[in-house]
Every structure is written in structure tokens, then in C-alpha cells.
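# What the coordinates show
Residue-level listing of the chains:
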Amino acid sequence: MKSKIFLYLFLFMAMISLYLFVSSGKMAEAKDAQIKNLQADVEQLQDSVKNTQLKVLEMQYFSLENNDDALAYYDHLSLKNPSGYISDKLLETNESKGTNPLVPYEGMEGDFKINKIKVLNHKWILADFSDGKYWGELLIKYELKDDLGVDFTLIDHLLYTRNN
């Protein structure tokens, strides 16, 4: 009787061991497949990050911050962020009552105000304006003076038509 109990116990342990061996092999295969999928995803995401970085560098090409030759014009002023200073001065023109004086259009749904600003170099700015429904763009020439005053001159403008 004792020997039969040991025999059954041995068979039971052998079956448990066989089950654990087979399931661990399948689990290892599943984990390997999952690792390969994650590695492929990581490679794809790294390529995407590289492409995005290249696009950002391309977009920053026409930018005062990345143009050392244009920044050299402002070395004597000791401004830490000339682009930010110029943008702030341009946004101050929005504070006037009514449409911004640099926008040559009358607002249709409200007053036209400048929203976004891109300081291209030491002479030009590209700006977006809107009244909430209609929008357009401005090409502005500016001059930053030694007394930190800024003169803005409108070079060209456009107003987009709405498709209803």
C-alpha cells in the first residue's frame, strides 16, 4: 500500500513537472515574441523622434534665435532674449483700443489682434492676426534702436477668405 502511494505520488509529481516544463517553454516563447514586438516599436519611435527633430531644426532655420549673424546686431544692447523682447513690443500694439494699428483691415467679427509672431531675423517679422473668425498674416519690418525702442513698418499683408 505504501509503495502504491509513493508510485501515485511520483506519477503526480512527474505530471506536474511535465506541465510546468511545457508551460514555461510556451511562456518563454510568448515573452520573446513580445520583446521582439516592443523592440520593433522602439526602433519605429526612435525613427519618428529623429524625423521630428529634423523637422524642428528645419523650422528653426529662419529664426532670430538660431541666426548668429543677425544676433550680432544686438550684442551691444546686452539683451538676453532679443526675439522675446521684440515679440513683447509687437504684442503691446494689441493694447490699443480697436484693431491693431499694424493690421490694415477693419475687424468684421471684432477687432483684429496679432496672435502669433515669428521673428525671422534682425529686420523682419512674420505675424498672424485674427478677429476670432477671420484671419490673415503680416510681414513686418522692424528696427530695434539703441534706446530699446522698436519701430514697426508693415511691408505686406493678406487676409484669408472664408469658405462657408
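Since the model is a prediction, treat every value here as computed from it, not as a measurement.

About the thresholds
Residues numbered from 1 in each chain as written. Predicted model: local features only at pLDDT ≥ 70, side-chain atom pairs only at ≥ 80, totals over all residues. Heavy atoms only, no water. Salt bridge = Lys/Arg side-chain N within 4 Å of Asp/Glu carboxyl O. Buried < 20%, exposed > 50% of the residue type's maximum accessible area, 1.4 Å probe, protein only. Pairing = 2+ DSSP bridges. Helix = DSSP H or I, 4+ residues; strand = E, 2+ residues; numbered from the N terminus. Axes fitted to C-alpha atoms, helices over the stretch in contact; angles between N-to-C directions. Contact = heavy atoms within 4.5 Å. Polar contact = N/O pair within 3.5 Å; in protein donor to acceptor, adjacent residues only side chain to side chain. Phe/Tyr/Trp six-rings, centres within 6.5 Å; stacked < 30°, edge-to-face > 60°. Core = buried A, V, L, I, M, F, W, Y, C linked by side-chain atoms within 4.5 Å.

Taken as a whole, this structure holds two salt bridges when the rule is applied. Between Lys145 and Asp151 there is a salt bridge, and its shortest N-O distance comes to 2.6 Å. Relative accessible area serves as the criterion here: at 32%, Lys145 is assigned to the partly exposed category.

Moving on: the sheet that holds strand β4 (residues 150-159). Taken in spatial order, the four strands of this open sheet run β1-β2-β3-β4, and their pairing is antiparallel. If you trace the sheet from one side to the other, it starts and ends with β1 (113-119) and β4, each paired once. Ignoring strand direction, the axes of neighbouring strands in this sheet form an average angle of 30 degrees. Sheet topology places strand β2 (residues 124-130) next to strand β3 (residues 135-144); seven bridges connect them, and they run antiparallel. The residue of β3 that forms the bridge with Asp128 is Glu137. Helix-sheet contacts for helix α3 (residues 82-92) involve β1, β2, β3 and β4, and the interaxial angle to β1 is about 160 degrees.

Turning our eyes to something else, we now look at the side chain of Thr99. Along the polypeptide, Thr99 turns up in the loop between α3 and β1. Polar contacts involving the side chain of Thr99 include one to the main-chain amide nitrogen of Phe112, which spans 3.5 Å. When sequence neighbours within four positions are dropped, the list of residues in contact with Thr99 reads Tyr105, Glu106, Gly107, Asp111 and Phe112.

Tallied over the entire structure, the rule returns four aromatic pairs. Their ring planes at 90 degrees and their centres at 5.1 Å tell us that Phe112 and Phe129 sit as a pair that is edge-to-face. Here Phe129 lies in strand β2 and Phe112 lies in the loop between α3 and β1, a separation of 17 residues in the sequence. A ring pair is formed by Trp135 and Tyr160, whose centres lie 6.0 Å apart and whose planes are at 35 degrees; its orientation type is tilted. Taken together, the positions of Trp135 in strand β3 and Tyr160 in the segment after β4 put the pair 25 residues apart, joining distant regions of the chain. The structure contains a cluster of three or more aromatic residues connected by ring pairs, namely Tyr105, Phe112 and Phe129.

Let us look at the pairing of β3. Consecutive side chains along a regular strand alternate between the two faces of the sheet. The alternating pattern of β3 places Gly136, Leu138, Ile140, Tyr142 and Leu144 on a buried face, while none of Trp135, Glu137, Leu139, Lys141 and Glu143, on the opposite face, is buried. Count of turn residues in the β2/β3 antiparallel hairpin: four residues, of which Gly132 carries a positive phi of about 105 degrees. As defined by bridge partners, β3 adjoins β4 across nine bridges and the pair is classed as antiparallel. Each residue of the ladder has a partner; that of Leu139, found in β4, is Asp156. Linking β3 to β4, which pair antiparallel, is a turn of five residues; within it Leu148 sits at a positive phi near 70 degrees.

Along the chain, the position of Ser83 falls in helix α3. A polar contact of 2.7 Å, which involves the side chain of Ser83, links it to the side chain of Glu65. Beyond its immediate chain neighbours, meaning those up to four positions away, Ser83 contacts Leu64, Glu65 and Val119.

Counting residues in each nonpolar core, the largest one holds 21 residues, and the members touching the most others are Ile86, Leu90, Ile125, Ile140, Tyr142 and Phe152. For this core, the secondary-structure elements that each account for two or more residues are α3, β1, β2, β3 and β4. Per element, the largest residue contribution to this core is four residues, and it comes from β3. In this structure, Tyr142 is in contact with Leu64, Tyr74, Ile86, Val119, Asn121, His122, Lys123, Trp124, Ile125, Val150, Asp151 and Phe152, ignoring residues within four places of it in sequence.

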